[in-house]
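Here is what each chain is made of, one letter per residue.
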Amino acid sequence: RGPNPSLGLRNLAERLDLDKGSIFIPQEGREAPETVLYFPGCGASIFSSTIGMAAVHLLLRAEVAVLIPHQHICCGYPLLAAGMGEAYRQNRERNRAALAALLDEAVRMGLNPTHCLTSCGTCREALEEHELKTLRPDIVHMDVTQYLIGRLELPPAEDASPILYHASCHSEWAGVPKAKASAMYQAALAKTTGRPVQLSPFCCAESGMGSMTSPAIYNRLRDRKRATLAENLAEASETMPILVGCPSCKMGIQRILAEMHDKHTVMHTIEYMAEALDGPKWKKILRKAAKAARVRG
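Predicted, not measured: the structure shown is a model, and the values here were computed from it. Starting from 1, residues in each chain are numbered consecutively following that chain's sequence as written. Local features in a predicted model are, by the rule used here, given only for residues with pLDDT of at least 70; side-chain atom pairs are given and counted only at 80 or more, and totals for whole chains, interfaces and linings are based on all residues. No hydrogens and no water enter the side-chain calculation; it runs on all heavy atoms of the structure.

Q: Just to check I follow, could you spell out the pairing of strand β5 (residues 140-143) for this structure?
A: Moving residue by residue along a regular strand, the side chains alternate between the two faces of the sheet. Note: strand β4 (residues 113-118) against β5, four bridges, orientation parallel. When the sheet's bridge partners are listed, T118 is paired in β5 with D143. After leaving β4, the chain enters helix α6 (residues 121-128) and then returns to the sheet as β5, a path that is right-handed. In short, DSSP must find at least two bridges between two strands for them to pair. In DSSP terms, a helix is any run of H or I states spanning at least four residues, a strand is any run of E spanning at least two, and both are numbered starting from the N terminus. Handedness of a crossover is defined as follows: with both strands directed away from the viewer, a clockwise route from the first strand across the helix to the second makes it right-handed.

In structure tokens form, the structure reads like this:
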């Protein structure tokens, strides 16, 4: 129904030079740092690589060692949702082999990966089906924002105006009933940012393949979300940020705002946190930190 939201010119692997090594151990606590596997998926690696960059930046800032797949890996959920069961199973087995090799490499270095983190609820649900616990029995699946909140403290907010939070259909908050996940994310976001957070309900209608396979349904969902956003933003300031916890939702909300000719900024929460902590130069800080922390492959 219109042009797509702009995508980055380079993916996460190119931005972080993952071909030179994709295990990062921060300078502080090098001997036995807390270690996580971060799975960026398509959204935070290809469609909006700044999300993946922000996640790595904040993890290193929290003095956490980070493992990232050497090459881009898709969680396979779109295949499963489209009924392509055999293609999904083949993709899952390739993924398991790649992740097993990465985890083994980390263990040989003396690291103890405890969490598998995603910045997308869809990726987390798909990875839970990858049975990584057969590789690391104690590994915990969690959203990267959920993991970092409490580990990093944002500076006091200079702007006390509200934030608008769009809740994803695939709940971002892990380990809680799905019906309560959005409210818990909203409360944590308010506590972390020091700003009131308004919840914007309903599906953004991006949904991977959904809009292609069932346009009659997804156009109705998008129209409903458009009406909701118009109501949410009717009296909002032009600087009010719209935060999401899912890369697909970032694209979906941007697509709707473009149709509305609305210029509000849409950010993944992890991008907002990176900028709140280190300002617009956080990417430059990340490049320096990643270079220092990289374990050469």
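Q: Is there a simple way to explain the nonpolar core in this structure?
A: Working definition of a nonpolar core: buried Ala, Val, Leu, Ile, Met, Phe, Trp, Tyr and Cys residues. They are joined through side-chain atoms within 4.5 Å. Summary of the burial criterion: residues with accessible area below 20% of their type's maximum are buried, those above 50% are exposed, and those between are partly exposed, where the area comes from a 1.4 Å probe applied to protein chains only. Grouped together as the largest cluster of nonpolar side chains are 33 residues, with contacts concentrated most on L59 and L148. Broken down by secondary-structure element, the contributors of at least two residues to this core are β2 (35-39), α3 (49-61), α7 (144-148), α12 (269-278) and α13 (282-293). Contacts are assigned to residue pairs that have any heavy atoms within 4.5 Å of one another. Once residues lying within four places of it in the same chain are set aside, the contact partners of L59 are V36, Y38, V64, V66, L117, V144, Y147 and L148. In this structure, I23, L67, I73 and A106 belong to the second largest nonpolar core, which totals 20 residues.

Q: What's the story with the sheet that holds β4 in this structure? I'm lost.
A: Two strands in a sheet stick together by hydrogen bonds in their backbones, pointing the same way (parallel) or opposite ways (antiparallel). Here we have six strands laid out as an open sheet, ordered β5-β4-β2-β3-β1-β10, and mixed in their pairing. The open sheet has two edge strands with one neighbour each: β5 and β10 (294-295). With three bridges connecting them, β2 and strand β3 (residues 65-67) associate as parallel partners. Residue pairing for β3: V36 is matched across the bridge by V66.

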